[in-house]
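# Remarks on the overall topology
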Amino acid sequence: APWCGHCKALAPEYDKAAKILHDEGSNIRLAKVDATEDSELAQQFGVRGYPTIKLFKNGDKSSPKEYSGKNVFEGEATKEEVLNFVKSNQLPLVVEFTEQTAPKIFGGEMKTHILLFLPKSASDFKEKLDNFKKAASGFKGKILFIFIDSDHADNQRILEFFGLKKEECPSVRLITLEEEMTKYKPPSDDLSTEKITEFCESFLEGKVKVRS
């Protein structure tokens, strides 16, 4: 809204964030919508206060009604906060490791990854993946949650890298991609949401010492 002081303060920061994304070659685009002129659009997406930032994934630019997957920005209106919001939401809560997603996984800001090695053929596949997704919701922007189909032939080298065999899956490992890659193994084989959450919290608190 052009009359909103907070919106006026956000405008230059938003422009800076847009330029940085453009210079980085990102396919993410930032768009400004005047909610007073486009009140129908604002109403459609439940905008009740200003400024409001929403992130749309897998959207068809030809029609706002086709947009799906939105995240609401509630942070401070600074360049850093906006960029962090965009970058932490440009991937789904759990990313499946594929040839297409690999560049985004390794080229992203987050250098701490937790990987779930799980065969898609498993009878409890959905249940275990859902547990993993539930745990991921509490670590957005801190740890990247990745799912790997341990049955897929292309992923066998990754299993070998972590010292895993197909018959040992499902299994979870955590890795930090800093100057030295460090791998961590959970203290338990329990893949419940609670145990995965506990493992991630312990790692962030510097309490995880068991390495794979």
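First, a word on what this report is: a plain description of the structure on this page. Please read these numbers as outputs of a predicted model, since none were measured by experiment.

## Topic: the overall build of the protein chain
- For the protein chain, the helix and strand inventory stands at 7 helices and 7 strands.
- Starting at the N terminus and walking to the C terminus, you meet the elements of the protein chain as α-α-β-β-α-β-α-β-α-β-α-β-β-α.
- In the protein chain, once contacts between residues fewer than 6 apart in sequence are set aside, the share between residues at least 24 apart is 61%.
- Split by element, the accessible area of the protein chain, about 13200 Å² in all, is 47% carbon and sulfur.

## Some thoughts on the packing of helix H5 (residues 125-136) against helix H7 (residues 193-204)
- Contact pair H5 / H7: the axes reach a minimum separation of 8 Å and the direction vectors enclose 40 degrees. By the angle between their directions, the pair H5 and H7 is classed as oblique. Where H5 crosses over H7, the two elements pack in a sense that is right-handed. In contact with Asn131, Phe132, Lys134 and Ala135 of H5, H7 contributes Thr193, Ile196 and Thr197.
- Grouping the amino acids of the contact of H5 with H7 by side-chain chemistry returns 3 nonpolar, 3 polar and 1 charged.

## What to know about the side chain of Ser150
- Mapped onto the elements of the fold, Ser150 is located in the loop between strand S5 (144-148) and helix H6 (156-161).
- For Ser150, a relative accessible area of 0% corresponds to the buried category.
- Setting aside anything within four residues of it in sequence, one finds Ser150 in contact with Phe117, Leu118, Pro119, Gln156, Leu159, Lys166 and Cys169.

Reading guide: rules and limits
- Residues numbered from 1 in each chain as written.
- Predicted model: local features only at pLDDT ≥ 70, side-chain atom pairs only at ≥ 80, totals over all residues.
- Heavy atoms only, no water.
- Helix = DSSP H or I, 4+ residues; strand = E, 2+ residues; numbered from the N terminus.
- Contact = heavy atoms within 4.5 Å.
- Areas by Shrake-Rupley, 256 points an atom, 1.4 Å probe, with all protein chains shown as cover.
- Axes fitted to C-alpha atoms, helices over the stretch in contact; angles between N-to-C directions.
- Parallel < 35°, antiparallel > 145°, perpendicular 65-115°, else oblique.
- Left-handed = near helix turned anticlockwise from the far one by under 90°.
- Nonpolar A, V, L, I, M, F, W, Y, C, P; charged D, E, K, R; others polar.
- Buried < 20%, exposed > 50% of the residue type's maximum accessible area, 1.4 Å probe, protein only.

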